[in-house]
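The primary structure of each chain is shown beneath.
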Amino acid sequence: MSEKNNNKEIDKITGQETTGHEWDGLKELNTPAPRWWIWVFIVTVIWSVGYWIVYPSWPTLTGSGYRGGTVGILDWTQYKKLRDNQKEILDIRENYKEFFKATSFDEILKDKKSYTYAVAGGKAAFRDNCATCHGSGAAGAKGYPNLNDDDWLWGGNVEQIYSSIKYGIRSGHDEGKYSEMPEFAEVLNDEQINELAEYILSLNENNNQSSENTLFADNCAACHGNNGEGIQELGAPNLRDNIWFYSSGDKSSIISQIKKPKHGIMPAWEDRLDDPTIRMLALYIHSLSASQ
Amino acid sequence: MQESLEKNPLRLFSEQKIIFPKRVWGKFRKIKWIIMTCTLFVYYFAPWIRWDRGPQIPNQAILIDMPNRRAYFFFIEIWPQEIYFLTGILIFLAVALFLSTSLVGRAWCGYACPQTVWTDLFVWVERIFQGDRNSRMKLSNAPISFNKIWRKLSTHIAWIVIAILTGGAWVFYFNDAPTLLEQIINFDVPWSVLSWIVVLTFSTYLMAGFAREQVCTYMCPYARFQSAMFDRDTLIISYDEFRGEPRGKHKAGDSWENKGHCINCTECIQVCPMGIDIRQGLQMECIACGLCIDACNKIMKKINLPAGLIRYDTEKNKGRRFRNEKEKKSLLRGRTYSYLSILLILSAAILYMLLNRSILELNVLHDRNPLFVKLSNGQIRNSYDIKILNKSFKSKKYSLSIEGLKNLKIKIQGIESLSSNNLPVVANSVGHYRIFLIADKNKEVRKKVIFNIRELDDEISDTVENIFISGKY
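Treat the numbers as computed from the prediction; the structure is a model and nothing was measured.

A. How the structure looks around the nonpolar core. Ranked by internal contacts, the top residues of the largest apolar core, which has 38 residues, are Ile 237, Cys 268, Ala 288, Leu 291, Cys 292 and Ile 310 of chain B. Of all the secondary-structure elements, those providing two or more residues to this core are helix H4 (107-112), helix H5 (114-130), helix H7 (146-170), helix H9 (191-211), strand E5 (236-239), helix H13 (267-271) and helix H14 (291-302) of chain B. With five residues, H14 of chain B is the largest single contributor of residues to this core. Taken domain by domain, the makeup of this core includes at least three residues from each of domain 1 (27-223) and domain 2 (229-328) of chain B. Residues in contact with Leu 291 of chain B, not counting those within four places in the same chain, are Val 24, Phe 28, Arg 29, Val 271, Cys 272 and Pro 273 of chain B. If you look at the next biggest cluster of nonpolar residues, it comprises 22 residues, including Val 119, Ile 161, Met 280 and Ala 282 of chain A.

And the structure:
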């Protein structure tokens, strides 16, 4: 198959040099690769040496450099880069915080850019601080109010929400909101309480009808209003709407709430969060309820 | 064997043989000059064409606006979610390349490929400073002298200038050209732009100045798989060995009896930019530039023989000529018809999509948490994020309407002046709104609702289906 020529093995058919390697009578042709491939390889090696010099690369036993490795003349690490990037974000955040400190809610509500920022920032703060009780979508749970609906115990405008967050409810804070419904099991007998529960249910069913009930007028109207519509200044819930808080809207749970009411506590956030964050939270929660 | 290898070790790597293509003039060289001028002209001047799209919108005809995620091509504008247009165009170009290859061989490689165009340009510069093939070879082998230094130096300086202009022109496709030129003149170029100029300058200098035919032979994948598009009816540059062989020297006046028409002048080898001998038949290195045809025809004319010893021909036709049958080139055949039909279908589809491209699109995303909210009057509220894509070049106002809900009230979160029939969206951008639908409780837990967005001035609208959730499943 091949002939020797100047110490070269030449394949007869192709006229090409072979490598001399033979498998089952087949010989491998020698098709040389271009020399510059080697040069490219060498350049990549040199390039990698550049990396060693410029970037952190080799681990060292003594640990004098960054986390026990060479530092590189650029003194660059991913952590530093991350820190720089975060600093940019933090600076933007600081600017907004200064802005929120000095700007009224009304003005923020009119300015689309800062309002959007406040709602987004409030959402993040809500998930960190409030979601444990109110749920990540602010839909609440039994005993923890749903912040999405249009029924507010202590008022649903931004200022009212702001003060509820800042000072809390039954929080022990001097400015905190406070109300406590008495335990009527000690004041009224079971029959009277049963009558009251039925009256409250009837209020709820006939939204427009306001019948008189002496028991209700004597014991409840002072806080819940003459027609059971609730008084936000006192934190007394509206008994005529479809939203129930501690009870589930059935008679037995209403009776137990009259006999021995439950009271939740909303902590005061004044000392835990800075004022701009509380303002953002108030704007976020206000945005959920779709009430202007 | 072992002994001989020790004496004369195998060379597994070979040095690049530097090619000094000789100057040639003829039909194909003329075509090459024309195509080179046209392609370079388009490359350098296309970004400077203006195209008025209205205020606040770039007025550059061809612009890829990376920071704003938009691509403009004359009357066409592409958003990132319409990247399939680009895919379609790329597939179209690939099939067009297949078609041209099956018809006329590697015409793209020989005439229009940037590697060929810039190499040609660099060889032309080389010839200006160092003369034609022979003097270039001589200069290359000559010892260092003032003559050699200034000639080589000027060549390289000219190459680098061209390379800088090449890299410099590229960045204009990605930035507003006049603004960027001003920045370049004031040495106030963004870091990203500068690095592109540097990289492309270096690669142009390297590829067109040094790598040249190595790119086609060793780097380009297209060169390798083109044989898949070749068949015996493809026009290839072929040497007519029936007429040419046996080759040999020929004195003027001698008889051509028992002699081939090839006089072994090696002109075809000397002009070849790939440094191959076309007389060995079709080779993978051949880029089908046709310069050997020009060179051979010139010689044939000189020795009073018919032109076309080297010519564009098909394998089948060559056989017919050999058998003295009637010559026939069947360029249109099954393969080309199939490529053509793919091209037609593809271009019709792209054109249809472009002409029917909506300049208004609505996306609706239902809130996940909470899925619904019960209100104090017993009604149900659902919240949605809606995005209005205004792909027109004017700021517009839209009106949103909902079908399928009873006692419906639509509220827009945030800015008080907004209502559902007045949603402004800035030109060429996405308007993002959060909306609340308040309606009576439905019997169905999941009720289909239709979101309809309509532009107030023109009669353009878009409709999207979503759901309204009334309770727990």
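From this point, the narrative continues.
B. Representation of the sheet that holds strand E3 (residues 70-73) of chain B in the model. All names here are of chain B. Strand order across the open sheet formed by three strands is E2-E3-E4, with antiparallel pairing between neighbours. The open sheet has two edge strands, strand E2 (62-65) and strand E4 (76-78), and neither has a second partner. Neighbour to neighbour, the strand axes of the sheet diverge by 10° on average, direction disregarded. Pairing between E3 and E4: three bridges, direction antiparallel. Looking at E4, one finds that Tyr 72 is bridged to Glu 77.

C. Local environment of the sheet that holds strand E10 (residues 396-403) of chain B. Residue and element names in this part refer to chain B. Strand order in the open sheet formed by four strands is E12-E10-E14-E15, with antiparallel pairing between adjacent strands. Single-partner strands in this sheet number two, and they are strand E12 (423-425) and strand E15 (461-469). The sheet shows a mean angle of 30° between the axes of neighbouring strands, direction not considered. Sheet analysis places E10 next to strand E14 (residues 446-455), joined by six bridges and oriented antiparallel. Note on E14: the bridge partner recorded for Leu 400 is Ile 453.

D. A look at the environment of Leu 305 of chain B. All names here are of chain B. Summarising the element assignment, Leu 305 is placed in the loop between H14 and strand E6 (310-313). When the 16 C-beta atoms within 10 Å are taken as the criterion, Leu 305 is described as partly exposed. Sequence-wise, Leu 305 and Leu 437 are 132 residues apart; in three dimensions their C-alpha atoms are separated by 89 Å. Not counting the four nearest positions on each side in its chain, Leu 305 is found in contact with His 261 and Met 300.

E. Summary view of the interface of chain A and chain B. At the interface, 27 residues of chain A touch 29 residues of chain B. Those elements that place two or more of their residues in the side of chain A that touches chain B are strand E3 (18-23), strand E5 (33-34), helix H1 (36-54) and helix H4 (112-129) of chain A. Residue composition of the side of chain A that touches chain B, grouped by class: nine nonpolar, eleven polar and seven charged.

F. View of the domain arrangement of chain B. Residues and elements named next belong to chain B. As far as domains go, chain B holds domain 1 (27-223), domain 2 (229-328) and domain 3 (360-469). Taking only C-alpha atoms into account, the centre of domain 1 sits 49 Å from that of domain 3. With five residues of domain 1 at the contact, the number on the domain 3 side is five residues. Split into classes, the residues belonging to the side of domain 1 that touches domain 3 amount to two nonpolar, two polar and one charged.

G. Highlighting the pairing of E3 of chain B. All names here are of chain B. Pairing geometry for E2 and E3, over four bridges, is antiparallel. For Ile 64, the partnering residue across the bridge sits in E3 and is Ala 71. Between E2 and E3, which pair antiparallel one after the other, the connecting turn spans four residues, and Arg 69 there sits at a positive phi close to 55°.

H. Focus on the packing of H5 of chain B against H7 of chain B. Residue and element names in this part refer to chain B. For the pair H5 and H7, interaxial distance at closest approach is 9 Å and the crossing angle is 150°. As the angle between them shows, H5 and H7 are arranged roughly antiparallel. Handedness of the crossing formed by H5 with H7: right-handed. Every residue of H7 that contacts H5 at Leu 121, Phe 122, Val 125, Glu 126, Phe 129 and Gln 130 is listed here: Arg 151, Ser 154, Thr 155, Ala 158, Trp 159 and Ile 162. Grouping the constituent residues of the contact of H5 with H7 by class yields seven nonpolar, three polar and two charged.

Calculation rules
- What you see as residue numbers is a count from 1 along each chain, following the sequence as written.
- Lettering for chains starts from A, numbering for ligands starts from 1, and both go in the order in which the items are written.
- Note on the predicted model: pLDDT of at least 70 is required for a residue's local features to be given, and 80 or more for side-chain atom pairs to be given and counted; whole-chain, interface and lining totals, by contrast, use all residues.
- In plain words, the nonpolar core is the set of buried Ala, Val, Leu, Ile, Met, Phe, Trp, Tyr and Cys residues that C-beta atoms within 7 Å link up.
- Here the C-beta atoms are placed from the backbone, and a residue counts as buried if at least 20 other C-beta atoms lie within 10 Å of its own, exposed if 12 or fewer do, and partly exposed otherwise.
- Under the DSSP-based scheme used, a helix requires at least four consecutive residues in state H or I and a strand at least two consecutive residues in state E, with every element numbered from the N terminus.
- Domain borders in the structure are assigned automatically or taken from a domain database.
- For every residue pair, C-beta atoms are placed from the backbone, and the pair is scored as a contact if these atoms sit within 7 Å.
- Paired strands, as defined in this entry, are two strands with at least two bridges between them according to DSSP.
- Axes here mean lines fitted to C-alpha atoms, for a helix over just the part in contact, with angles spanning 0 to 180 degrees between N-to-C directions.
- Residues are grouped as follows: Ala, Val, Leu, Ile, Met, Phe, Trp, Tyr, Cys and Pro are nonpolar; Asp, Glu, Lys and Arg are charged; every other residue, Gly included, is polar.
- Working rule for angles: under 35 degrees goes down as roughly parallel, over 145 as roughly antiparallel, 65 to 115 as roughly perpendicular, anything else as oblique.
- Here is the rule for handedness: rotate from the far helix to the near one, and if that takes an anticlockwise turn smaller than a right angle the crossing is left-handed, while a clockwise turn gives right-handed.

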